[in-house]
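# Topology and contacts: notes
What follows is each chain in one-letter form.
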Amino acid sequence: DAKTTQPNSMESNEEEPVHLPCNHSTISGTDYIHWYRQLPSQGPEYVIHGLTSNVNNRMASLAIAEDRKSSTLILHRATLRDAAVYYCILRDESNSGYALNFGKGTSLLVTP
Amino acid sequence: DGGITQSPKYLFRKEGQNVTLSCEQNLNHDAMYWYRQDPGQGLRLIYYSQIVNDFQKGDIAEGYSVSREKKESFPLTVTSAQKNPTAFYLCASRRLQGGNQPQHFGDGTRLSIL
């Protein structure tokens, strides 16, 4: 599986936008970029995914670089409830049964 | 509401004992997964199953066993051969049709050694 690189931790103020980066320089043409987040003592939660175009949903936006070697998860207005570990994961849909390869992710701290 | 139920929330194991963690889903998902998470680490895949009566080993299957007799159930047994079982165990499921479906996770079982 192609690997991703994320900062270990980031900090944001409440009600400000947060940009969480992810590098994936060895991404293949069939890899989708997925983002999950994990709140303390809970299971991970799906956030968003995309292939080439930028994506928006009610939780976040995903900006994908033109060469697809990096992407950014954007939380438009951070709240205290957004404090979590955010995982950027590449997934090849041709291996449809395969699990997700979770790294250590980025721990986001949101301060009031 | 549809979802994944893991039980128990906390579990203690004595030396030499096998314990079984329950995972049930009512989402009608085909695939189910078991992950292990150690403190400060990401998730590692133990086993997964795409269809009833079939399952595959993940990266750290040694000391664990699973069964998939029903579509909605995927129990994990932590055997006495697993020498370091203390961890947070997460079950997930996913629909296979429709392309790129997300995984849905339960709230986990925290296993400790007595």
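For the structure, check the block above.
Since the model is a prediction, treat every value here as computed from it, not as a measurement. Counting restarts for each chain, with residues numbered from 1 along the sequence as it is written. Here the convention is simple: chains get letters from A, ligands get numbers from 1, in the order in which they are written. Side-chain atom pairs in this predicted model are given and counted only at pLDDT of 80 or more, local residue features only at pLDDT of at least 70, and totals for whole chains, interfaces and linings cover all residues. Hydrogens are left out, water is left out, and the side-chain values use all remaining heavy atoms of the structure.

### Things to note about the sheet that holds strand β8 (residues 84–92) of chain A
Residue and element names in this part refer to chain A. By this definition, two strands are paired if DSSP reports at least two bridges between them. A run of H or I in DSSP counts as a helix once it spans at least four residues, and a run of E counts as a strand once it spans at least two, with each numbered from the N terminus. The five strands lie next to each other as β1-β9-β8-β3-β4, forming an open sheet whose pairing is mixed. Each having just a single partner strand, β1 (9–13) and β4 (45–50) make up the two edges of the open sheet. Going across the sheet, the axis of each strand differs from the next one's by a mean of 25°, ignoring polarity. As defined by bridge partners, strand β3 (residues 31–38) adjoins β4 across five bridges and the pair is classed as antiparallel. Opposite Trp-35, over in β4, you have Ile-48 as the bridge partner. Between N-to-C directions, angles span 0 to 180 degrees; the directions come from axes that are lines fitted to C-alpha atoms, helices contributing only their stretch in contact.

### What to know about the packing of aromatic side chains
Residues and elements named next belong to chain A. Ring pairs shown here join Phe, Tyr and Trp side chains whose ring centres sit within 6.5 Å, with only the six-membered ring taken for Trp; geometry is labelled stacked below 30 degrees between planes, edge-to-face above 60, and tilted in between. Counting across every chain of the model gives 11 aromatic pairs over all chains. Their ring planes at 75° and their centres at 5.7 Å tell us that Tyr-36 and Tyr-46 sit as a pair that is edge-to-face. With a gap of 10 residues between them, Tyr-36 in strand β3 and Tyr-46 in strand β4 connect regions that are remote in the sequence. Owing to a relative accessible area of 0%, Tyr-36 belongs among the buried residues under this scheme. Buried residues are those whose accessible area, probed at 1.4 Å on protein chains only, stays under 20% of the maximum for their type, while exposed residues exceed 50% and partly exposed ones sit between those limits.

### Concerning the state of the cysteines
The rule for a disulfide is simple: a pair of cysteine sulfur atoms within 2.5 Å. Inspection of every chain in the model, using the stated rule, returns two disulfides over all chains. Sulfur-sulfur distance for the disulfide between A:Cys22 and A:Cys88 comes to 2.1 Å. Handedness of the A:Cys22-A:Cys88 disulfide follows from its S-S torsion of about -85°: it is left-handed. With a gap of 66 residues between them, A:Cys22 in strand β2 (residues 18–23) and A:Cys88 in strand β8 connect regions that are remote in the sequence. You can call A:Cys22 buried: its relative accessible area is 1%. The class of A:Cys88 is buried, set by a relative accessible area of 1%. Here B:Cys23 is linked by a disulfide to B:Cys91, with a sulfur-sulfur distance of 1.9 Å. The sign of the S-S torsion, about -75°, decides the handedness of the disulfide formed by B:Cys23 and B:Cys91: left-handed. Within this pair, whereas B:Cys23 is found in strand β3 (residues 19–25), its partner B:Cys91 is found in strand β9 (residues 87–94), the two being separated by 68 residues in sequence. Considered together, B:Cys23 and B:Cys91 belong to a single accessibility category, that of buried residues.

### So, unusual backbone geometry
Note that the residue after B:Ser7, namely B:Pro8, is joined by a cis bond; omega there is -5°. Take B:Pro8: it is sitting in the loop between β1 (4–7) and β2 (10–13). With a phi angle near 60°, A:Ser41 is a residue other than glycine that sits in the positive phi range. In this structure, A:Arg68 is a non-glycine residue whose phi angle is positive, near 65°.

### What about the pairing of strand β6 (residues 54–57) of chain B?
Residue and element names in this part refer to chain B. Inspection of the sheet shows strand β5 (residues 43–51) paired to β6 by three bridges, in the antiparallel sense. Bridging from a neighbouring strand, Tyr-47 pairs with Lys-57 of β6. Connecting β5 to the next strand, β6, in antiparallel fashion are two residues, including Asn-53 with a positive phi near 65°.

### Some details on the interface of chain A and chain B
Chain A puts 21 residues into the contact, and the matching count from chain B is 22 residues. Each of two parts loses accessible area, computed with a 1.4 Å probe, when they are put together; buried area is these two losses added. Here chain A meets chain B over a buried area of about 1,700 Å², counting both sides, of which 49% is carbon and sulfur. Side-chain atoms alone can form a polar contact between residues adjacent in sequence; in general such a contact is a pair of N or O atoms within 3.5 Å, and within protein one must be able to donate a hydrogen while the other accepts it. Viewed at the interface, chain B and chain A are joined by four residue pairs in polar contact (both at pLDDT 80 or more). When contributions to the side of chain A that touches chain B are tallied by element, the ones reaching two or more residues are β3, β4 and β8 of chain A. When residues of the side of chain A that touches chain B are assigned to their parent elements, the largest contribution, four residues, is made by β3(A). Residues are grouped as follows: Ala, Val, Leu, Ile, Met, Phe, Trp, Tyr, Cys and Pro are nonpolar; Asp, Glu, Lys and Arg are charged; all remaining types, including Gly, are polar. Of the residues contributing to the side of chain A that touches chain B, the split by class is nine nonpolar, nine polar and three charged. By definition, residues are in contact when any of their heavy atoms lie within 4.5 Å.

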